[in-house]
Each structure stands twice: as structure tokens, then as C-alpha cells.
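Results of the structural survey
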Amino acid sequence: MFNKIFGEKTMTKEKKVEKELKKDGSEKAKEKPKEKVKKLTAEQLLVNKCKEYEDMLKRLQAEFDNFRKRSEKDRCDAIKCASFGVIDKLLPLVDSFESAIASGEGDKSGLELLYKQLTGILAGEGLRAIESLNQQFDPFKHDVLLKEHNEEIGDDVITQVIQKGYMLNDKVIRHAKVKINSLEKKE
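Description of the structure in this document. (Residues numbered from 1 in each chain as written. Predicted model: local features only at pLDDT ≥ 70, side-chain atom pairs only at ≥ 80, totals over all residues. Heavy atoms only, no water.)

1. Considerations on helix 5 (residues 109-124)
Across its 16 residues, helix 5 extends 22 Å between first and last C-alpha, which sits within 8% of the 22 Å expected from 1.5 Å per residue. Looking at the buried positions of helix 5, the neighbouring elements they touch are helix 4 (84-103) and strand 1 (127-129). Phi turns positive one or two residues past the end of helix 5, at G126, with a value near 105°. (Helix = DSSP H or I, 4+ residues; strand = E, 2+ residues; numbered from the N terminus. Expected span 1.5 Å × (residues − 1). Contact = heavy atoms within 4.5 Å.)

Written out as C-alpha cells, the structure reads:
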């Protein structure tokens, strides 16, 4: 009576298979329904297991590909930054060359030649000076040492570079020491 009220929802798998086979009218209807259900279940288990393994394989391939790309990026970053320490130690030498050339004493042609050669080598390694004069102050590239007040110049515009800043492969290795214009009124 329960089955009559709720219909096929409560019907067992075996009865469903048996009913379907009778509808087909084939000779397979003579097979035992339990065996057919077991075969379907075993086949379904194999298909599901196969899909599970295929999914696992795809995930592992994607993980390995991501690992390979991440490792390559890390290796490139390490190579780019390997010369960071050496270049950082050479920057005071560059500053000394600039000071000697600007001093105005004696023949500077030899110093200028050495300076150009040194800066050329450093530029080849990815070093470049941060352009600062008459630029807007950027806290990621500049350190403010002094401020001045001039109404004719915009606010936070760099008016003097006290010490050059440098970047190595788009990474700041030394901030530029600058003097900026401030339109704030002093109290």
C-alpha cells in the first residue's frame, strides 16, 4: 500500500530495472534483475573512478605547470637581484666621480672617461638614475631632506636634488635625497 501511495519513489533499483526490461520486451528481460543492477553499478563505479583519476591527473598537471612557471620567475628574479649588493657598494664611487668632475680642479677628461665607462657598465646591469628635478615628489623614490616655500612653484615639486637616487631593474636601491617646495604656511 505504501508503494501505491508514493509510487516509483520507493521502488528498489532491482524492480526499476526489471520494469524497464519488461517495457523493452527484449530477451534480456529473462536475466536476473539483481545481476543487471550489479553490472550497472560495477560499470558506473569504474566510470566514476576513471573520471576521478582523469580529474586528479589534470589537477596535477596544472599544479606542476604552475610550479614550473613560479620557479622560472623566482630564478629570473634572483638573477636580476644578484648584482644588487655589488652595485649598492659601487654607488659611493659613482658619487665620488661626480663630485670630482664637478669640483672644477685640473684636467677632468680622464675622470669623465672613467665615469662614463663605469656608468655604462652599471647601466648594462640594469642600473638607472631616478629623474627627480622638477618632478612631483614620490615617497617610494624620494626622501625629503629640506623644504622651501615658493608660491610660483607647485606643491610637493622637487626643487633640488641633494643626492641622486638609483633603481636596479625597476626596484629602488637608493632613494633620491631631495628638497621640495611646500605651499603649507608655517605657524
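There is more to say after this.
2. Observations concerning the sheet that holds strand 3 (residues 158-163)
Taken together, three strands build an open sheet; the order of strands is 2-6-3 and the sheet is mixed. Edge positions in the sheet fall to strand 2 (142-148) and strand 3, since each of these pairs with one other strand and no more. Taken over all neighbouring pairs, the strand axes of this sheet differ in orientation by 30° on average, direction set aside. Relative to strand 6 (residues 176-181), strand 2 is paired through six bridges, and the arrangement is parallel. Paired with D143 across the two strands is K177, which belongs to strand 6. (Pairing = 2+ DSSP bridges. Axes fitted to C-alpha atoms, helices over the stretch in contact; angles between N-to-C directions.)

3. Here we look at the pattern of salt bridges
Going through the model one piece at a time under the given rule, you end up with 10 salt bridges. Here R174 ties to D95 by a salt bridge, and the two come within 2.8 Å at their closest N and O atoms. Here the residue R174 occupies a position in strand 5 (residues 171-174), and D95 occupies one in helix 4, the gap between them amounting to 79 residues. Just as R174 is buried, D95 falls in that class too. For the salt bridge of D170 with R128, the shortest nitrogen-to-oxygen distance reads 3.4 Å. A residue pair is termed long-range when its members are at least 10 positions apart, and D170 in the loop between strand 4 (166-168) and strand 5 and R128 in strand 1 qualify at 42 residues. Taken together, the shared-partner salt bridges connect D65, R68 and K69 into one network. (Salt bridge = Lys/Arg side-chain N within 4 Å of Asp/Glu carboxyl O. Buried < 20%, exposed > 50% of the residue type's maximum accessible area, 1.4 Å probe, protein only.)

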